[in-house]
Amino acid sequence: MALHPEVAAYRAARAAAGTPPLYTQTLAEARAADLAAIRAGSGAVEPVTEVRDERIPGPAGELPLRVYRPSGSGPLPTLLYFFGGGWTLGSIDTADGICRRLANAVPCQVITVGYRRAPEHPFPAAVHDCHAATSWSAGHADRLGVDPTRLAVGGDSAGGNLAAAVTLLSRTDGPPLAAQLLVYPNTDSSAEPVGDDDPTLFNGHSVAWYRRHYFSDPAHARDPLASPLLADDLSGLPPALVITAELDPLRAEGQRYAERLRDAGVSTRLAHYPGMIHGFFAMPGTFADGRRAQRGAAAFLRERFGLPTVPDDVDEPAEPVAATGPGTADG
């Protein structure tokens, strides 16, 4: 597996700067460093017609939301977006660039959720916060300007994991969902982490570090709300776009989840990016494929929301789900 030239340059810069891995830092240091790295790689801040903060009732107190609304009046198709960061790092601010770009590119309303993080609030706190916010948004559509018939969930990394878990809960408890956008998602936390130990990139040590924070009991990793790949039945879930990166330790489990969704009769697309690393989607200012992946995500949501296509809708690499499988795992 060859590094994309942009990834090679990014890796060399981190090595030259002596950037310490997040898993070697204190929690406060890692949270600050994670946000700084994403801001540095996200490119110019896109203006959005309206950005506002809300607070809603959650399972254990108030939950913060940030609402990104493009131009247009009346109810809008809406994406609930859950930030990444291994359930431990990340924040509403971490997802700001992604939410702004998707709000403009689809266009749709995007709502990001300030769910509770581990280790202060271990599994399943984040799952229930995200589902509660999704349900509340559908139930208070008039207040937020949501079209409840065009409601989707999505997220990157741990946020993709949470989005997948929310679809499992929504299948039985509502609300109905039009789509799920899963960007290099964690789908099986019960398996041994894979990948090499390159300290300049997200690696197996990173995966293990996040899991130790999220699971107060290691047995929780086998719960389908923690590891959606282990769910007995994936039928009846909303259409999915799964995005994976070749040099990501989570690549194989993301691809297997896409396979299982399709086998269960769920309309599923897999967009795989050769030579890319975990995190590239959140750094379009650094990686051209990050920009392409965000355009592909917007095109998928546009299709699911019944919005007109645009020329960029064809600019996305995709591999058939059937072409992937357990044999493609790293390490």
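In the block above lies the structure referred to throughout.
Scope of this entry: the structure provided in the associated data block. Since the model is a prediction, treat every value here as computed from it, not as a measurement.

## As for the sheet that holds strand 6 (residues 179–183)
And step 1. Spatial ordering of the open sheet is given by 1-2-4-3-5-6-7-8, a layout of eight strands whose pairing is mixed. Each edge of the open sheet carries a strand with a single partner, namely strand 1 (50–58) and strand 8 (268–273). For this sheet the average axis-to-axis angle between neighbouring strands, irrespective of direction, equals 20°.
And step 2. Sheet topology places strand 3 (residues 76–82) next to strand 4 (residues 109–113); four bridges connect them, and they run parallel. Paired with L79 across the two strands is V110, which belongs to strand 4.
And step 3. This element, helix 6 (residues 158–173), spans strand 3, strand 5 (146–156) and strand 6 of the sheet and lies at about 140° to strand 5.

## Quick word on the environment of E246
And step 1. Looking at the secondary structure, you find E246 in the loop between strand 7 (240–245) and helix 8 (251–263).
And step 2. Note: C-alpha distance between E246 and T172 (74 residues apart in sequence) is 34 Å.

## As for helix 3 (residues 96–105)
And step 1. When you tally the buried positions in helix 3, you get eight out of 10 residues, the bulk of the element.
And step 2. If you check which residues of helix 3 are buried, you get D96, G97, I98, C99, R100, R101, L102 and A103.

What counts as what
- Residues numbered from 1 in each chain as written.
- Predicted model: local features only at pLDDT ≥ 70, side-chain atom pairs only at ≥ 80, totals over all residues.
- Heavy atoms only, no water.
- Pairing = 2+ DSSP bridges.
- Helix = DSSP H or I, 4+ residues; strand = E, 2+ residues; numbered from the N terminus.
- Axes fitted to C-alpha atoms, helices over the stretch in contact; angles between N-to-C directions.
- Contact = heavy atoms within 4.5 Å.
- Buried < 20%, exposed > 50% of the residue type's maximum accessible area, 1.4 Å probe, protein only.

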